[in-house]
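Understanding the architecture of this molecule
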Amino acid sequence: MKKVILLTAVLFSIGLSAQDIKPTFEKEGKMVKATYYHDNGEIAQTGTLLNDKLHGQWYMYNANGKKIATGKYVNGKRSGKWFFWKDDILKEVDFEDNRIAYVKNWNQSEIVSVNK
């Protein structure tokens, strides 16, 4: 579980680290949509803020534009199911009260289609 916490912290800090391309912020009702960029111009993270706190669904992408994580914030705290993709592994992490409650690894190469 320590690896998941570290991964989450690293993913978020990468998006907020010093960048040549400045993040964008757009007002959407009571929320503010934030978009952070990699140095190559690809989107690093996108999500919403409420009262200057992370709030709502967030998406994280690698420098090639491939989604690497998604999860929900409620008033600045991680909440519910988060998903992390790396190679053929999908990591499902359940958060309760901003703490990891459950972790499940899925090997995407072993998932069988229901239609087969």
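Since we're looking at a predicted model, the values are computed, not measured.

Note: strand E6 (residues 67–74) against strand E7 (residues 77–86), five bridges, orientation antiparallel. Within the sheet, the bridge partner assigned to tyrosine 73 lies in E7 and is arginine 78. Count of turn residues in the E6/E7 antiparallel hairpin: two residues, of which asparagine 75 carries a positive phi of about 50°. One ladder, built from seven bridges, connects E7 with strand E8 (residues 89–96); its direction is antiparallel.

Of all hydrophobic cores here, the largest spans 14 residues; its most connected members are Trp58, Met60, Trp82 and Val93. Broken down by secondary-structure element, the contributors of at least two residues to this core are strand E2 (31–37), strand E5 (56–61), E6, E7 and E8.

This brings us to the packing of aromatic side chains. Counting across every chain of the model gives seven aromatic pairs. Aromatic side chains phenylalanine 25 and tyrosine 36 sit 6.0 Å apart centroid to centroid with 90° between the ring planes, which places their arrangement in the edge-to-face category. Here tyrosine 36 lies in strand E2 and phenylalanine 25 lies in strand E1 (residues 24–28), a separation of 11 residues in the sequence. Overall, the relative accessible area of 45% leaves phenylalanine 25 in the partly exposed class. Through successive ring pairs, a cluster of aromatic residues spans Phe25, Tyr36, Trp58, Tyr73, Trp82, Phe84 and Phe95. Over the ring of tryptophan 106 we find lysine 104; its NZ or CZ atom is 4.6 Å from the centre of that ring.

Before going further, it helps to spend a moment on the side chain of glutamate 92. With respect to the helices and strands, glutamate 92 occurs in strand E8. In terms of polar contacts, glutamate 92 uses its side chain to reach the side chain of tryptophan 106, at 3.0 Å.

Cut-off values and rules
Residues numbered from 1 in each chain as written. Predicted model: local features only at pLDDT ≥ 70, side-chain atom pairs only at ≥ 80, totals over all residues. Heavy atoms only, no water. Pairing = 2+ DSSP bridges. Helix = DSSP H or I, 4+ residues; strand = E, 2+ residues; numbered from the N terminus. Core = buried A, V, L, I, M, F, W, Y, C linked by side-chain atoms within 4.5 Å. Buried < 20%, exposed > 50% of the residue type's maximum accessible area, 1.4 Å probe, protein only. Phe/Tyr/Trp six-rings, centres within 6.5 Å; stacked < 30°, edge-to-face > 60°. Lys NZ or Arg CZ within 6 Å of the ring centre and 35° of its normal. Polar contact = N/O pair within 3.5 Å; in protein donor to acceptor, adjacent residues only side chain to side chain.

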